[in-house]
Structures are given as structure tokens and as C-alpha cells.
Amino acid sequence: MAIRNIREMGDEILNKKCREVTEVNDRIRTLIDDMLDTMYESNGVGLAAPQVGILKRIVVIDIGEGPYIMINPVIVETSGEQTGNEGCLSVPGKMGTVTRPNYVRVEAYDEEMNKFEIEGTELLARAICHECDHLDGHLYVELVEDGLHDVNYEEDDE
Ligand code: NI
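Reference entry: report on the structure contained in this document.

Cut-offs and rules
Residues numbered from 1 in each chain as written. Predicted model: local features only at pLDDT ≥ 70, side-chain atom pairs only at ≥ 80, totals over all residues. Heavy atoms only, no water. Helix = DSSP H or I, 4+ residues; strand = E, 2+ residues; numbered from the N terminus. Buried < 20%, exposed > 50% of the residue type's maximum accessible area, 1.4 Å probe, protein only. Polar contact = N/O pair within 3.5 Å; in protein donor to acceptor, adjacent residues only side chain to side chain. Contact = heavy atoms within 4.5 Å. Core = buried A, V, L, I, M, F, W, Y, C linked by side-chain atoms within 4.5 Å. Donors = N, O, S within 2.8 Å, 3.2 Å for Na, K, Ca; no water. Salt bridge = Lys/Arg side-chain N within 4 Å of Asp/Glu carboxyl O. Expected span 1.5 Å × (residues − 1). Pairing = 2+ DSSP bridges. Axes fitted to C-alpha atoms, helices over the stretch in contact; angles between N-to-C directions.

### Quick look at the side chain of aspartate 34
Thinking step 1. Note on placement: aspartate 34 falls in helix H1 (residues 26-41).
Thinking step 2. Relative accessible area serves as the criterion here: at 5%, aspartate 34 is assigned to the buried category.
Thinking step 3. A polar contact of 2.8 Å, which involves the side chain of aspartate 34, links it to the backbone nitrogen of alanine 2.
Thinking step 4. When near neighbours in sequence (up to four residues on either side) are disregarded, aspartate 34 contacts Met1, Ala2 and Arg4.

### Considerations on the nonpolar core
Thinking step 1. By size, the foremost hydrophobic cluster in this structure holds 20 residues, and its most contacted members are Ile61, Met70, Ile118 and Ile128.
Thinking step 2. Top contributing element to this core by residue count: helix H2 (residues 122-135), with seven residues.
Thinking step 3. Contacts of isoleucine 118, omitting those with residues within four sequence positions, involve Tyr68, Met70, Val104, Arg105, Val106, Leu124 and Ile128.
Thinking step 4. Counting 16 residues, the second largest nonpolar core, distinct from the first, contains Ile6, Leu36, Ile58 and Val60.

### Section: the coordination of the nickel ion
Tetrahedral coordination by four donors places them ideally at 109.5 degrees to one another around the metal; octahedral coordination by six donors ideally gives 90 or 180 degrees.
Thinking step 1. The coordination sphere of the nickel ion, as far as protein atoms go, consists of Cys88 (SG), His130 (NE2) and His134 (NE2), spread over 2.0 to 2.2 Å.
Thinking step 2. All donor residues of the nickel ion come from one chain, and their arrangement in sequence is C-x41-H-x3-H. In this pair, cysteine 88 is assigned in the loop between strand S4 (82-86) and strand S5 (94-100) and histidine 134 in helix H2, connecting sequence segments 46 residues apart. When sorted by exposure, cysteine 88 lands in the same class as histidine 134, which is buried.

### Looking at the pattern of salt bridges
Thinking step 1. Counted by the stated rule, this structure contains 13 salt bridges.
Thinking step 2. In this structure, arginine 100 and glutamate 86 form a salt bridge, with 2.6 Å as the shortest nitrogen-oxygen distance. In this pair, arginine 100 is assigned in strand S5 and glutamate 86 in strand S4, connecting sequence segments 14 residues apart.
Thinking step 3. Ionic pairing is found between aspartate 133 and arginine 100, a salt bridge with its closest N-O pair at 2.9 Å. Within this pair, whereas aspartate 133 is found in helix H2, its partner arginine 100 is found in strand S5, the two being separated by 33 residues in sequence.
Thinking step 4. Among the charged side chains, a network of salt bridges with common partners joins Glu86, Arg100, Arg126 and Asp133.

### As for H1
Thinking step 1. Over its 16 residues, H1 extends 22 Å from the first C-alpha to the last, a length consistent with the 22 Å expected when each residue adds 1.5 Å.
Thinking step 2. Regarding H1, the residues found buried are Ile28, Leu31, Ile32, Asp34, Met35, Leu36, Asp37, Thr38 and Met39.
Thinking step 3. The inward-facing, buried residues of H1 contact strand S1 (46-48), strand S2 (58-61) and strand S3 (68-79).
Thinking step 4. The N-cap of H1, judged by a side-chain oxygen 3.1 Å from the amide nitrogen of arginine 27 a few residues on, is asparagine 25.

### Topic: the sheet that holds S1
Thinking step 1. Taking strand neighbours across the sheet as the criterion, the five strands line up as S1-S2-S3-S6-S7 in an open arrangement whose pairing is antiparallel. In the strand order of this sheet, the two ends are held by S1 and strand S7 (115-121), each with one partner. This sheet shows a mean twist of 35 degrees between the axes of neighbouring strands, independent of strand direction.
Thinking step 2. The sheet contact formed by S2 and S3 spans four bridges and is antiparallel. The partner of valine 59 across the bridge, within S3, is methionine 70.

### Comments concerning the sheet that holds S5
Thinking step 1. Read from one edge of the open sheet, three strands run S4-S5-S8, paired in antiparallel fashion. Strand pairing shows two members of the sheet lacking a second neighbour, S4 and strand S8 (149-150), which therefore form its edges.
Thinking step 2. Here S5 runs beside S8; their pairing, made up of two bridges, is antiparallel. By the bridge assignment, lysine 94 is partnered in S8 with aspartate 150.
Thinking step 3. Helix-sheet contacts for H2 involve S4 and S5, and the interaxial angle to S4 is about 65 degrees.

Interpretation note: all reported values are geometric properties and have no functional meaning in isolation.
Printed below as a string of C-alpha cells:
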């Protein structure tokens, strides 16, 4: 387990499309463990593999209910709409308003390469959309509706 370096906007690896995972080996298991460590260390709610420089379709998410690990996730259904603040560990100190579906259903594989399904609403739906976008080389800044603004750290630290 280790903390990995988070790539920041401007690093071209964040704009590349990731490859599907075909087999979960020790390297992939270590990567997933490191992604979880790195996400928790940074107080993030999600992290995608390209953010630590690995172009593979893996995301981890924890909105405070325990971790979800999703390999090769595909959003198969969306509905509704939510508009709210979004941030990204690859765009430190910034936030912006983004509209996302309020509900998503995603199919993914677990660490044993068993297919499973997750439904999410509100923050979980937002996090799934945000992290899946990373796998196709997209950052939330492309969707921001009224420009990026600085995070108020004093408020966040309370
Ligand atoms: Ni992000």
C-alpha cells in the first residue's frame, strides 16, 4: 500500500482514453490498494487510474459509505438531473458547477472479475459520472457552467 502521485490538469495523460482491464493480477491489486490509499489521504470521494498515471479502466469511489471498486465500469442507464458543485483531485483548490444525471446504473467488474451492478443517486451518481469521464480522458472542467472558482479552505476545514 502506498500513496501515489496525483497527476494534475495539464498533464496529457489525463486526456487519454484508458484501456479495459482483461485480467486482475498482483499489479492491478496493488494499484487498486494504492488508489484507495491515495484517495483517502487526499480526502477525495473518488479516484480514477489515469489520475495516478495508469491508463486502465479502474475507478474507486467512497462517498462515506465504504469503498466501491469498479473495473471496466459502463454507465448503462441514467435519469433525472442534478446541478451542484464538483471538484477533482487533479484540479486542486478549484470547484465548479456541473449538471449531471441524478440517477445512474453502472455495470462493472470486481477484483475477481465478477460482473456486478451499482445504482446511485445524488452524490454517488455524480461521483460515478465524474470518475467514468476520467477513463475517457475528460475532466469536469469541460462541463463547468459558470467558470471555476477557488475552494474556500476555511469552510472546508471545519
Ligand atoms: Ni476527478
